[in-house]
Amino acid sequence: MTITRVDRSRLPAPGPDPQFRFPEIVHHTLANGLKVRTVEHPGVPLVTFVMQIDGGLGADSTGREGLAALTADMVDEGTGSLSAIDVSDALARIGAEYDVEVGADATLFALTTLARFAARGATLLSEMLMTPSMHGADFERVRQLRVDRLRQLTDLPPAVAERAFLRLLYPSHPYGHLAIGSVEALRALTREDVVRFHASTFLPSRSTLIAVGALSHADLVAIAEDAFGGWSGEEQGADVPAPAADAVVEMGDSPQLLVVPREGAAQSELRIGHLSARRNTPDYPPLLVMNAILGGQFVSRLNMKLREEKAFTYGVRSGFDWRRGVGPFSVQTSVHTAATAESIADTLKEISDLRGGRPATADELSLAQASLTRGYPRNFETAQQVARSVGQLALFDLPDSYFEQFVPNVNAVTVDDVTRVARTYLDPGRVISLVVGDRNVTEASLSGLGVGELRVLPPTG
Amino acid sequence: MTTAIALPHAKRTLPNGLDVIVHEDRRVPIVAVNLWYHVGSKNERSGRTGFAHLFEHLMFEGSEHYNKGYFFPLQQAGALLNGSTNSDRTNYWEVVPTTSLELALWMESDRMGYLLPALTPERFETQRGVVLNERRQNYENRPYGMALMAISAALYPPDHPYHWLTIGAADDLRAMEFEDVRAFFRAYYHPANASLALAGDINAERAFQLAEGYFGDIPAGEKPTRVRAEASVAREVRLVLEDRVELPRVYMAWHSPAMFAEGDAEADLLADLLANGKTSRLYRTLVYDKRLAVDVSAFQHSRELSSFFLLASTAAPGQSLTEIAAVIDERIQALADEGPTVPEMERGLAQAEAHFMYRLQTVGGFGGKSDQLNAYNVFRGDPDFFGDDLGRYRQATAKSVGATARKYLAFDRRVLLSIVPRGQAAFALPGSEPVSVS
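(A) Quick look at the domain arrangement of chain B. All names here are of chain B. Assigned domains within chain B: domain 1 (10-215) and domain 2 (236-434). If you average the C-alpha positions of domain 1 and of domain 2, the two centres end up 28 Å apart. Each side of the interface is counted separately: domain 1 has 33 residues, and domain 2 has 30 residues. For the side of domain 1 that touches domain 2, the secondary structure elements donating two or more residues are strand S2 (19-24), strand S3 (30-37), strand S4 (80-85), strand S5 (90-97), helix H5 (147-155) and strand S6 (194-200). Along the lines of polarity and charge, the residues of the side of domain 1 that touches domain 2 split into 19 nonpolar, eight polar and six charged.

Here it is, written out as structure tokens:
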């Protein structure tokens, strides 16, 4: 064995980036209209099924906030002759991981199990989704647990902030609430609401099943066909929720400053941002790069300033909450109470600087591009990662070649692109600054910021 | 049906004492670098708690030959990186594209061999401030966030190193001095107290060569003496803590078998059959049938010196902790008397089998294959334990699980903590003493 001792006078240069190939995605459409996507993922003998159904929290109608999530929650509460307990037992017996995610535009049901239980897992998932029992007693219990959960969330600063921030961003828009909804709306919901919502949205024509695992395409398709081929139902005009992505948004035209009081809080939870862009904007790659430079990674301008220079926080992040409709850009952090006003001022300064005062440099650009692209293959290590990624293609109407185009698309971004999208999509003139924290301690310094008249919101946000 | 589930690997120890473990997995062009130091908050002393974790932060601030923040060059190379500290160990990891493996090794070896020249009082001050904010965010400003501090302090005597949490006491963090860094680094951050695992797109021979090249020159240090400490609770301790919460919650904590000791896997299975999922005994009774509680959880917190078994349940609005505790006791008693049922054991084993398989999905990061190999190597002295680890679950029986419940979950040797809304101490279990944590 020849040992070459390390040269510590310089860092080793990385070699050329490995070629990245996304595995083949095979498309099928079952006779009932269900779209099926399969990907072979050999290695660990596991399989993941993701059922993505159009209609997330944005499908909740006014006064029924929380309906989509409550309906999704009822899916594992019994089906056919199986009680809620039986369903839980059946999932445990195949060691399944079952997970529900209610997004803005779609709801995902994910089930992962050992490959040898693939057919059993798919059948179980199909029975749960197609014929949930929706018993009154189960509905009452699940709804009450959600009401209790909302009550608990009033103690959790990040949840209070998220909730209030969404309302401020979308004052009269179906995106303007958390999936869990509100106590008033949950209390008003009935079992019939859930049954109707299920009937109008849980339809093969509105759904995509993604199957990824250590099985062949043919096996995965056969399993999908066996499990979901018998799913029926058609969209009934009046009951179909209008796509939230099409609803009109108000972009805002002046800065706002708000406090949700939390007396004696050790830190202030902050949200700073405004509505910005749709996921399908052609500026998606430059926006990702711009965000990485501003606050999307550890070495971003914001984190270097607020954490590594000033020690105001354990960490700060910025990002786009991508949706089919117009989604927000926001900065999220939790800072020492005494540093509240200065943290907001610093954040707004960094945003302004990136728009022109101190535009991105070539070094910042190349660092952001490298951190987004060079490690890209690690995002597709597990069957779940691959399945959820394929789900994104379906959700946002992206081509199957999207993942392989990602690296060249990001690498094509220029410094001028970054400045341009910062100017187009970020606007300090209409930014909402929200503080969940100690009002008495922070009020004087906040009022001097000049980012809007301070308004106080109720403790529930 | 028994499937062979394995985590194949090769191991060599360099002359300076550094263990190097390699696992090959070519599915994705990435390599996981994972480095453990066998030091954690258990190596701290009273009055200076939180030091091991604060030190971990300093490891990212620069070393002699790269005297700047570690995130810049590694992110430039497309790496994901992080580190963490717990009571028993500190780990650092990078997941890098195969072509940047040498960069990660260069940097890990530089901070192992040459950290001190780069440390300055200014960097120390900044990270002290960051850690104080980490503490505010994850403990002080979070509902129920101080519960584990109160429980640990009650389970372990003041001179036991599990008496405090890894985050440390705020006053201790403020009292720390820059000078303490030097001695800590010399005692714990050297090859003989470390274990390096590489997993992913690399073959073993090449990996050993690279490890020797980058780490071989670092002088061997002295293996630290093992920390030894005993603890027991001889009675039922009842405590109450007021917090900014809406709903009262009761915690029950017991001393339990140390990591990998006899009964440890059984305690893990017990936690599942008591509180994991709707079929579990406590969820079904407390949340599903009687609706006394909004949640219940159970967890065998396996650690090197000794473990604890923790149960927690949050009262539904208007329901009493006393009634919840009575139901829990009744269910535990039944389990101790009769042991688990056949379906419970079947379910528990099916879930254990699947979870071991799930653990083989990622090469790096927290809990990835490289992290697991280091855990076995550091805590057992041998990375070759994945299959035997699963074997512990396969060998568990209704009888051994029942015996573990009987032996460890005793009502007269536990800590009961009620966390209640401020000003509502009356919601606590009767006879609870107020406890203060800060």
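Moving on from the coordinates now.
(B) Structural view of the sheet that holds strand S3 (residues 46-54) of chain A. Residues and elements named next belong to chain A. One open sheet holds the six strands; their spatial order is S1-S2-S8-S3-S7-S6, and the pairing between them is mixed. Of all strands in the sheet, those bounded by a partner on one side alone are strand S1 (26-29) and strand S6 (97-102). Put simply, the sheet's adjacent strands are angled 15° from each other on average, direction ignored.

(C) Local environment of the domain arrangement of chain A. Residues and elements named next belong to chain A. Entries for chain A in the domain assignment read domain 1 (26-242) and domain 2 (256-456). On the domain 2 side, the residues contacting the 28 residues of domain 1 number 24 residues. Elements that contribute at least two residues to the side of domain 1 that touches domain 2 include exactly strand S2 (35-40), S3, strand S7 (106-114), helix H5 (157-169) and strand S8 (207-213). For the side of domain 1 that touches domain 2, the element with the highest residue contribution is H5, accounting for eight residues. Grouping the amino acids of the side of domain 1 that touches domain 2 by side-chain chemistry returns 19 nonpolar, six polar and three charged.

(D) Region of interest: the confidence of the model for chain B. Mean pLDDT over chain B: 96, with 99% of residues reaching 70 or higher. Overall fold confidence (pTM) sits at 0.96, and the ipTM for the predicted complex is 0.96.

(E) Region of interest: the interface of chain B and chain A. At the junction of the two partners, chain B supplies 65 residues and chain A supplies 61 residues. For the side of chain B that touches chain A, the elements supplying multiple residues, two or more each, are helix H2 (71-76), S5, helix H3 (101-113), helix H4 (121-140), helix H8 (204-215) and helix H12 (342-358) of chain B. A breakdown of the residues in the side of chain B that touches chain A according to their chemical character gives 26 nonpolar, 23 polar and 16 charged.

(F) Structural context of the packing of helix H3 (residues 118-130) of chain A against helix H8 (residues 217-228) of chain A. All names here are of chain A. For the pair H3 and H8, the least separation of the axes is 8 Å and the interaxial angle reads 35°. Seen from above, H3 lies across H8 with right-handed handedness. Each of Ala118, Ala119, Ala122, Thr123 and Ser126 in H3 lies in contact with H8, whose residues at this interface are Ile223, Ala224, Asp226, Ala227 and Phe228. Taken together, the residues of the contact of H3 with H8 sort by class into seven nonpolar, two polar and one charged.

(G) A look at the sheet that holds strand S10 (residues 267-277) of chain A. Judged by pairing direction, the sheet is mixed, and its six strands sit side by side in the order S11-S12-S10-S13-S9-S14 (chain A) without closing on themselves. On the outer flanks of this sheet lie strand S11 (313-320) and strand S14 (454-456) of chain A, each paired with one strand and no other. Averaged over neighbouring strand pairs, the angle between their axes works out to 20° when direction is ignored. Bridge count between S11 of chain A and strand S12 (residues 327-336) of chain A: six bridges; the pairing is antiparallel. By the bridge assignment, Thr313 of chain A is partnered in S12 of chain A with Val335 of chain A. In the packing of H5 of chain A onto the sheet, the strands contacted are strand S9 (256-261), S10, S12 and strand S13 (432-437) of chain A, and the crossing angle to S13 of chain A comes to about 150°. Across the face of the sheet, H4 of chain B comes into contact with S10, S11 and S12 of chain A while running at roughly 70° to S11 of chain A.

Rules used throughout
- Starting from 1, residues in each chain are numbered consecutively following that chain's sequence as written.
- Whichever chain is written first is A, and whichever ligand is written first is 1; the rest continue in order.
- Per-residue local features of the predicted model are confined to residues with pLDDT of at least 70, and side-chain atom pairs are confined, for both listing and counting, to 80 or more; whole-chain, interface and lining totals are unaffected and use all residues.
- Marked domain ranges trace back to an automatic or database domain assignment.
- Contact definition: two residues whose C-beta atoms, as placed from backbone geometry, lie within 7 Å.
- Put simply, DSSP marks the helices as runs of H or I at least four residues long and the strands as runs of E at least two long, and each gets a number from the N terminus on.
- Only Asp, Glu, Lys and Arg are considered charged in this grouping, and only Ala, Val, Leu, Ile, Met, Phe, Trp, Tyr, Cys and Pro are considered nonpolar; every other residue, Gly among them, is considered polar.
- Note on pairing: DSSP must find at least two bridges between two strands before they are called paired.
- Comment: axis = line fitted to C-alpha atoms, over the contacting stretch for helices; angle = value between 0 and 180 degrees taken between N-to-C directions.
- Within a predicted model, pLDDT stands for the predictor's per-residue confidence, ranging from 0 to 100.
- Handedness of a crossing follows from how the near helix is turned relative to the far one, being left-handed for an anticlockwise turn of less than a right angle and right-handed for a clockwise one.

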